[in-house]
There are 4 protein chains.
Amino acid sequence: MTDASVSVEEIKKHASEKDCWIVVDDVVWDITAFVPQHPGGTEIIYKHAGHDASLAYSSVHAPSLIAKTLGPAKRKGKVDSSTETDLLKPPPTKEAQPKLAVGAKPPLSTLINSYDFEAVAEKTLTKKAWAFYSSAATNLVTRDANRSMFDRIWFRPRMLRNIRDIDTRTKILGQHVKLPFFVSPTAMAKLAHPDGELALARGCEKFGIAQCISTNASFTMAEISGSVKSESVPFFFQLYVNKDRRASEVLLRDAEKNGMKGIWFTIDGPVQGKREGDERVKVESATFAQAAMSGATGTNDNKGGGLGRTMGGYIDPTFNWDDIAWLKKSTKLPIVAKGVMTAEDAVLAVKHGLDGIVISNHGGRNLDTSPPSLLTLLEIRRHHPEVFQHLEVFVDCGIRRGTDIIKALCLGAKAVGMGRSFLYSLTYGQEGVEHFIDIMKDEMETTMRLLGLTDLSQCHPRYLNVCDVEHLIPKSLESSFPDIPQFPSAPRAKL
Amino acid sequence: MTDASVSVEEIKKHASEKDCWIVVDDVVWDITAFVPQHPGGTEIIYKHAGHDASLAYSSVHAPSLIAKTLGPAKRKGKVDSSTETDLLKPPPTKEAQPKLAVGAKPPLSTLINSYDFEAVAEKTLTKKAWAFYSSAATNLVTRDANRSMFDRIWFRPRMLRNIRDIDTRTKILGQHVKLPFFVSPTAMAKLAHPDGELALARGCEKFGIAQCISTNASFTMAEISGSVKSESVPFFFQLYVNKDRRASEVLLRDAEKNGMKGIWFTIDGPVQGKREGDERVKVESATFAQAAMSGATGTNDNKGGGLGRTMGGYIDPTFNWDDIAWLKKSTKLPIVAKGVMTAEDAVLAVKHGLDGIVISNHGGRNLDTSPPSLLTLLEIRRHHPEVFQHLEVFVDCGIRRGTDIIKALCLGAKAVGMGRSFLYSLTYGQEGVEHFIDIMKDEMETTMRLLGLTDLSQCHPRYLNVCDVEHLIPKSLESSFPDIPQFPSAPRAKL
Amino acid sequence: MTDASVSVEEIKKHASEKDCWIVVDDVVWDITAFVPQHPGGTEIIYKHAGHDASLAYSSVHAPSLIAKTLGPAKRKGKVDSSTETDLLKPPPTKEAQPKLAVGAKPPLSTLINSYDFEAVAEKTLTKKAWAFYSSAATNLVTRDANRSMFDRIWFRPRMLRNIRDIDTRTKILGQHVKLPFFVSPTAMAKLAHPDGELALARGCEKFGIAQCISTNASFTMAEISGSVKSESVPFFFQLYVNKDRRASEVLLRDAEKNGMKGIWFTIDGPVQGKREGDERVKVESATFAQAAMSGATGTNDNKGGGLGRTMGGYIDPTFNWDDIAWLKKSTKLPIVAKGVMTAEDAVLAVKHGLDGIVISNHGGRNLDTSPPSLLTLLEIRRHHPEVFQHLEVFVDCGIRRGTDIIKALCLGAKAVGMGRSFLYSLTYGQEGVEHFIDIMKDEMETTMRLLGLTDLSQCHPRYLNVCDVEHLIPKSLESSFPDIPQFPSAPRAKL
Amino acid sequence: MTDASVSVEEIKKHASEKDCWIVVDDVVWDITAFVPQHPGGTEIIYKHAGHDASLAYSSVHAPSLIAKTLGPAKRKGKVDSSTETDLLKPPPTKEAQPKLAVGAKPPLSTLINSYDFEAVAEKTLTKKAWAFYSSAATNLVTRDANRSMFDRIWFRPRMLRNIRDIDTRTKILGQHVKLPFFVSPTAMAKLAHPDGELALARGCEKFGIAQCISTNASFTMAEISGSVKSESVPFFFQLYVNKDRRASEVLLRDAEKNGMKGIWFTIDGPVQGKREGDERVKVESATFAQAAMSGATGTNDNKGGGLGRTMGGYIDPTFNWDDIAWLKKSTKLPIVAKGVMTAEDAVLAVKHGLDGIVISNHGGRNLDTSPPSLLTLLEIRRHHPEVFQHLEVFVDCGIRRGTDIIKALCLGAKAVGMGRSFLYSLTYGQEGVEHFIDIMKDEMETTMRLLGLTDLSQCHPRYLNVCDVEHLIPKSLESSFPDIPQFPSAPRAKL
């Protein structure tokens, strides 16, 4: 197909909601029909209507994505370079690019734990990107408890065992992995590094660990899974169910086609939490890139500038347990529900025939004072241990140490996910990801040896002393308070 | 009636306790008989005896109040403007007006939670006003525990429910409201903004929430309830019972006449607590306005400069449960006792046929180490759940988040009150009040959705994990210590 | 008796341990025989041997004490003023006097609680005096827990009672007092103010509270009790039992003669604890006065410069329960044992027929991690409530608020003692003492009213919620660990 | 034997791994065969291959060690001083010597507790030495809990006992000692002071306390035990079992020959923990001396610069309970297992006929969130009190106070070990060691007196209130969670 040549004057005419063109890498696209479905919201795009959006686009999306998404029919041609193309440029923004001040970073070899990566990320990401990644809901109680709960569990290390050779391999949904931790799905890895999810995939391949790809990834499933040797490591696909179920069905078919080994559908984000750290950084000072990454419209409503608040135009808030039937019908892949916070919901997952659950509170980002993941794990273990026999239980939120991983496994988790930490390591590109995995692997192996374990099947609660948190596990799943009928609210007649 | 013209010389003669005139807005009043009943104490007024008190008066009271209170018989005429009226002026005070440095405040849109309003108030209120509002009793244990107790209760969020449409309506004493939180009664809202309670009322009307008017409000009940469309939102009236019961009876009749929907009589303040933050700011440096707001005499006694300490000349310290009969006889309105701190008193409220109780410790302002409100709520729920069937239970103290509101409701509260937060939002006038309500509404709705609730009737203890505070609920209301007869204090005879 | 005139040359000859004269207020004394019994140790005196010790003496002792103690036989005459008396002066010491920088102190009226007095004392006492008063044993765990334990007990306030008139009177060992707190015995009040215990006595008289006089008081019992109207308030006498029992018997007779109403003998200080704050301030920089106050020899041994460490030459470390018989035989006064820390010892006190106990850990000054007083009170109340029927239980350590007093009384204490706080208030002399008592009285009365109590006999555990500390009370006084015979320490023979 | 004279040219030829000579104190040694067995790793030595290593050697090792270790056959002769010996010198290093800035230290007499010694050590040791000594595993949870757990146990002091004379003697493995604490084995004491373990031994002799000599000591067993009067105090020998059992057998024979009274073999360090404080100080900036002290290779691998990480080339990671038989066969000395952290392992120690155990988590240096020693002690005491009848139980980790010692003894410990504190005191040489022991002795005796104990056999749990930590002791050694068979990881077939 030979591209038409489109003049700047022509492009600038299509700058309204009802008729919206943008330019990406000299190609002119009509995105009028697509905008309402944009996961990043509509406003972000309308800001670039009739303009060149290349810079903003490319800092978040892979080049191929727009063509794949819109199809050739929406391609209006190439910009007529004889016209004044400068008129298409958005005004320059000081913070247009994440501050990947590579030179200013400390040498990778000086980073020796996950906290070090976090500290570097805080300094080298843009203010808005950092706010988005690091923020959590309101008082941050859950975010912090996710972490501190691990340190309140004592090990019970056993001595004088032959621990020369240890084996850290396991299976996730039947897929072999060399280590029991994986990349949790997080949006827009390109913001941390141009190679985004591709670098994550290559790092994972090297160490044989699994990666879960977000619906909002910077690259397509095909690009990501295609960046490593076929079948070398398993990929899973994270799904937000769309109000338009057909859109989700397309994604599910894509997942199968691209060799995904399972679907992790997120159940804890029907609406987004109030992440004040995020809201305090103004959208005005953020670029398209950062705005888009949260999948938010970026509107500064009267509750603050948070990107996450108004997101979710496309997520279906009516989706409920009854809809699981549709999901199971729509894919042959194993299904994992991500975001379980109670033993009751774990049981429901079993009843609905799911293949796994991820105990998660979204990193404390949604509902503050949601229970820390470890507490939910303890609750299920106490009250419904049979759950572990029917499906695989994964845990994320708060994992920062090899000791954390082993503790989760001792309580029944099959593997654990890490999200923010991987994004932070990605600021160093693939090399950073590998260094980070190596650190976690080393911490985990040291923990196994010092605990007296030689393979993961030996993980067992007997290696833990949970006395300091045991009182936090509900004694019964029934409320411990007497049931009372609601007070009839009309005031009694006066006598 | 034609006003007499009163010369400055004449006015200045009436400057003693036994013969006390003041000038307000050029009108001369004889307040000799009224002074002893002034809720703000006598000394404050005597300082202005024989002088123009307009500035001080107007910063606290609505113009109409003095005429209504004193009646035409006490009106001595207008100031003869041909005489040297400057002599009537009190010496100028640097802090005569609250520092409503409107221009210096951050834009309202940048305030995104209740703590933001508090931070602005701390900077923009006068030192004395801030001290009065924010202070609490002695070591501040209860004030802080009111707050922290909420964060020690975990949610138990349930996923995969259809939470698209939610309903936040409820009824308070039979009155429809759109949200389950209301304005707790607080004194002298005019100090935070000239529109005072009127701005609160208009903000509440917009969002359909209830307001409880303080005995010590800056405006009259008629003015406040008249500032919004009739019956658009319910008002309640807060009562301190006067030693002179007839004075209280007048107020109660006024309440009915002005459409109040219930009487909230305060039972936890027979004397005032020791609020050291308040006491450390000298009365000397405070204006009449600030002094008056606490309803205190403003005397610097030898225990400090606190405004609240010596208050209560008119509050009846003998009022007890037996006097409830009088109260019920004196009004047809529903009656709510504000300040219940034990399950025993909740039961007594039921026995005495009250219509509601407010669990409250006066914001930690009266008796330090009084139990945080949430603990009292848990205690009643555990030991006397039948209370919730006989009357409506409200909670105030420590509510700062939408999550707090839902937690209180899950434990049986019908609605919750907020006091200080509303005053702080009022520093931005009606617009601030509305922004604040909007924030709380949004937080609460987000909480409901992420918890899996679609209307308030679904609130239930099963959505909470109270394990971390459960040990604080007395196992029995009987003392857990063996009863012992008192030691006979005379020393035994020596043998 | 006409005094001889003694030349400086002569005086300076008697400057050895075996022949030791000192000059006080121009009078020459032979103290050779007395020095070994000096409660303040010998070294302090030997430093002044052959010199004028007036300044040092008078900052600690009343003028009359030396004559009374030594008797006329030891009086060698007056200094011959024609000789070079300057030679008698000790070298001037910059810190010779406590920095009673009266002018620099904040006005008394601005002090509104016990912490304020403490803050002033820290700034106006000498470094050494502050170190001595404020220090406690090693890690300060007990000192701080004494305080914090009070704030972990919630009140259970009862509303709607007639609390207009309240009565704070009680009896201590049969003696009428107007308030249930008293002055705990502390050494050398003169260091805080020249009027020392006299000012304390006069302040107590004004408010009708009891005072317990220390063995190491700056004034004699006669002077102290004589400074107020006879029988207006009760005095008690604190006793450390001397190795030389006859010395103690003399003191006991003195106590009866001077109208003391009871003997409080200290049982928790057979040796002194390690008070590091005290030890870090060098004796070299301290004056005789400060050194003496601790009753220590003031030696800088190789464990630091602490005054308290080497004290106790005269305290009998062999004194035990069997010796109570001697004590009872030696006095007709009621006997109170000060320093009980376990329920077992409380029971022993009953068995030995004592009239009272003071639950005390010496302000956390002796053995760190001794139980806070409130915990011991709870322990006795739980396991041996009959103790309260047989003797009077007093509590000291950690009392800083009126709320603390009422809590102790609700748990069975007859009255509470305060030590350091009284010394700190004494930096303002009698006026400070009165202001301090007034504050405590006011706090206590406010607490009673807000709690719903009108007299002290109503104090009862039902007004407290002790759930937060209840788990700290031993479930049984028997050790909860299985008993094991000691391991025979010889290694087993190898086979 | 007359030494050959070896030219510098010749020496410099032997500078490879396969042919490695070094010069120590002008003597030339061939260490090619020895290097792989060097406890301090190989790299450290190769850095000095073909050079003069005197300075580095002597700061860690006693002069005699190299001759003893290598034997005369490896002695190549003396350096030919006529050649250019300067060529042998390693480049000067600023930090070549620990900063034993003796002059800058505070006078020893001003140090009054163990924390004071720690503070001085932090300032006067080299940065690397301080990092090595003070660091602990990852989040430092266990290191800090070792300490804080002691302060959470209350004493229950008993009054009115005759405590004039107290006896602190006990026996360790049948050996008489005057105090119940000893020197825990720590590597390379020479780093803290040139006299190293000799100074420790002499200090111990003076006070009659035991010393446990590390495998990695700076001096030989013979030198250390020979530095004090024969049999005056007992020595024990700490053993890491070598992969080459014969090497260990040689050490065991040496131990018997040199009069060691027992073997303490370390069981909790099959691999080393991740000590980040240590890893963050670069090996590059450390001297041979500091590098060697950890027994590490000193490689900066990609996990940081920690010295401890890659150690253990010679420690046998396969050693397990079955190998105890070999150990018992290889020595006639009593055997103590150091590093027990569970009651189960304590029972296994009994079953395998050991003579003692040390409850230890290696100072929190190996596996973070290992249980604090006191918790393990409580666990054994609760669940297997019979252990104390079969072997001697020692405790180390976290002991800083005399109160800590008595608490451990009251719970059944025979004696306690201190490691870091002794090294810190050693910065003052023997005098520092003595002052430190004197302080601990004094604290311990004061504790006994104030607790009412006169000899150590009276130590008993009844003197402790452990209520605050009792909930941390597992209720049962079986896991409190229901056992579940592992989930079969293959995903279920889709229907």
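Residues numbered from 1 in each chain as written. Chains lettered and ligands numbered in written order. Predicted model: local features only at pLDDT ≥ 70, side-chain atom pairs only at ≥ 80, totals over all residues.

Chain A appears in an unreviewed UniProt entry as L-lactate dehydrogenase (cytochrome) from Massarina eburnea CBS 473.64. Turning to chain A, the UniProt record has this under Subcellular location (unreviewed entry): "Mitochondrion intermembrane space". Its UniProt record gives chain A the following Catalytic activity (unreviewed entry) comment, quoted word for word: "(S)-lactate + 2 Fe(III)-[cytochrome c] = 2 Fe(II)-[cytochrome c] + pyruvate + 2 H(+)". (UniProt positions renumbered as here; feature names shortened; annotations may be inferred.)

This next bit is on the overall build of chain A. The secondary structure content of chain A amounts to 20 helices and 17 strands. A burial count over chain A gives 60% of its 495 residues as buried. Contacts spanning at least 24 positions in sequence make up 77% of the contacts within chain A whose residues lie at least 6 apart. (Helix = DSSP H or I, 4+ residues; strand = E, 2+ residues; numbered from the N terminus. Buried ≥ 20, exposed ≤ 12 C-beta atoms within 10 Å, placed from the backbone. Contact = placed C-beta atoms within 7 Å.)

Next up on the list: the domain arrangement of chain A. Domain boundaries in chain A define domain 1 (5-88) and domain 2 (108-472). The centre of domain 1 of chain A, based on its C-alpha atoms, is set 33 Å off from the matching centre of domain 2 of chain A. (Domains from an automatic or database assignment.)

As a further point, take the interface of chain A and chain B. Across the boundary between the two partners, chain A contributes 47 residues, which contact 49 residues of chain B. Elements that contribute at least two residues to the side of chain A that touches chain B include exactly α11 (276-279), β13 (335-340) and α14 (343-351) of chain A. Of the residues in the side of chain A that touches chain B, the class split is 21 nonpolar, 16 polar and 10 charged. (Nonpolar A, V, L, I, M, F, W, Y, C, P; charged D, E, K, R; others polar.)

A word on the interface of chain A and chain D. Between chain A and chain D, the residue contacts involve 49 residues of the former and 47 residues of the latter. Looking at the side of chain A that touches chain D, the elements that each hand over two or more residues are β6 (154-155), α15 (373-383), α16 (387-390), α19 (429-451) and α20 (467-470) of chain A. For the side of chain A that touches chain D, a count of residues per class yields 17 nonpolar, 13 polar and 19 charged.

On to the sheet that holds strand β4 (residues 27-30) of chain C. Residues and elements named next belong to chain C. Pairing is mixed across the open sheet formed by 5 strands, whose spatial order is β1-β5-β4-β3-β2. Single-partner strands in this sheet number two, and they are β1 (5-6) and β2 (15-16). Direction of pairing for β2 relative to strand β3 (residues 19-24): antiparallel, over a ladder of 2 bridges. Looking across to β3, one finds that S16 is bridged to D19. (Pairing = 2+ DSSP bridges.)

As a further point, take the relation of the copies chain A and chain D. Screw-axis analysis of chain A against chain D gives a translation of 0.0 Å along the axis, an RMSD of 0.1 Å, and a rotation angle of 90°. Those values place the two copies in the arrangement expected of a four-fold rotation axis. The position closest to the rotation axis in chain A is occupied by the C-alpha of A:H471, lying 6.7 Å away. (Least-squares fit on C-alpha atoms with pLDDT ≥ 70 in both.)

Let's shift gears to helix α17 (residues 402-410) of chain B. For α17(B), a buried count of 9 out of 9 residues is recorded, marking the element as mostly surrounded by other parts of the structure. Of the residues flanking the end of α17(B), it is B:G412, one or two places downstream, whose phi is positive at about 115°.

Our next topic: the nonpolar core. In terms of nonpolar packing, the biggest core is built from 504 residues, with A:I357, B:I357, C:I357 and D:I357 touching the most fellow members. Aside from chain neighbours lying at most four places away, what touches C:I357 is C:V336, C:A337, C:V340, C:A346, C:A349, C:L391 and C:V393. (Core = buried A, V, L, I, M, F, W, Y, C linked by C-beta atoms within 7 Å.)

Our focus in this paragraph is helix α10 (residues 245-257) of chain B. Residue and element names in this part refer to chain B. For α10, with 13 residues, the first-to-last C-alpha span of 18 Å sits near the 18 Å given by 1.5 Å per residue. If you follow the buried residues of α10, they end up packed against α9 (221-226), β11 (235-239), β12 (263-266) and α13 (324-330). Once α10 ends, the next one or two residues include G259, with phi positive near 80°. (Expected span 1.5 Å × (residues − 1).)

All right, on to the sheet that holds strand β2 (residues 15-16) of chain A then. Taken together, the 5 strands give an open sheet; going across it, the order is β1-β5-β4-β3-β2 (chain A), and neighbouring strands pair in mixed fashion. The open sheet has two edge strands, β1 (5-6) and β2 of chain A, and neither has a second partner.

Along the chain, the position of A:G273 falls in the loop between β12 (263-266) and α11. Those residues within four positions of A:G273 in sequence are excluded, and the remaining contacts are A:A137, A:R365, A:N366, A:L367, B:T446 and B:L450.

Bringing the pairing of strand β13 (residues 335-340) of chain C into the picture now. Every regular strand shows the same layout, with side chains that alternate between the two sheet faces. All names here are of chain C. Most of β13 is tucked away, with 6 of its 6 residues classed as buried. Bridge count for strand β12 (residues 263-266) against β13 is 4 bridges, and the pairing is parallel. Within β13, the position partnered with W264 by the bridge is V336. As judged from the 4 bridges shared by β13 and strand β14 (residues 356-359), these two strands associate in the parallel manner. Following the sheet pairing, V336 is matched in β14 by G356. Remark: the β13/helix α14 (residues 343-351)/β14 crossover connection has right-handed handedness. (Right-handed = clockwise from strand over helix to strand, strands pointing away.)

Predicted coordinates in regions of low pLDDT should not be interpreted in detail. Residue and element names in this part refer to chain A. In the predicted model, chain A carries a mean pLDDT of 87, and 87% of its residues have values of at least 70. This model gives residues 91-102 a pLDDT under 50, and the stretch forms 18 contacts once residues within four places in sequence are excluded. Throughout residues 283-311 the model reports pLDDT below 50, and contacts reaching past four residues in sequence, or to other chains, amount to 102 contacts. With pTM at 0.86, the complex prediction returns an ipTM value of 0.84. (pLDDT = per-residue confidence, 0-100.)

Residues and elements named next belong to chain A. Following both chains from N to C, one finds helix α17 (residues 402-410) and α19 inclined at 60°, their axes separated by 7 Å at the closest point. Judged by the angle between their axes, α17 and α19 are oblique. Considering only the axes of α17 and α19, their crossing is right-handed. Between α17 and α19, the contacting residues are G402, T403, I405 and I406 on the first element and M440, E443, M444, T446, T447, M448 and L451 on the second. (Axes fitted to C-alpha atoms, helices over the stretch in contact; angles between N-to-C directions. Parallel < 35°, antiparallel > 145°, perpendicular 65-115°, else oblique. Left-handed = near helix turned anticlockwise from the far one by under 90°.)

Residues and elements named next belong to chain C. Burial along β14 is two-sided: G356 and V358 facing one way and I357 and I359 facing the other are all buried. Of the strand pairs in this sheet, β14 and strand β15 (residues 392-396) are connected by 4 bridges, and their pairing is parallel. Bridge assignment links V358 to a residue of β15, and that residue is F394.

Note on placement: C:L108 falls in the loop between β5 (75-79) and α5 (114-124). In this structure, the C-alpha to C-alpha distance between C:L108 and C:P385, residues 277 residues apart in sequence, is 42 Å.

Before going further, it helps to spend a moment on the environment of A:A119. Position of A:A119 relative to the elements: it lies in helix α5 (residues 114-124). For the pair A:A119 and A:Y424, spaced 305 residues apart in sequence, the C-alpha separation works out to 8.7 Å.

Apart from glycine, the bulk of residues carry a negative phi angle, and the bulk of peptide bonds sit in the trans form. Residues and elements named next belong to chain D. If you check the backbone angles, L173 has positive phi at about 50° while not being a glycine. Residue placement: L173 occurs in the loop between β8 (170-172) and β9 (175-177). Even without being a glycine, C397 presents a positive backbone phi close to 90°. Among the secondary structure elements, C397 is positioned in the loop between β16 (392-396) and α17 (402-410).

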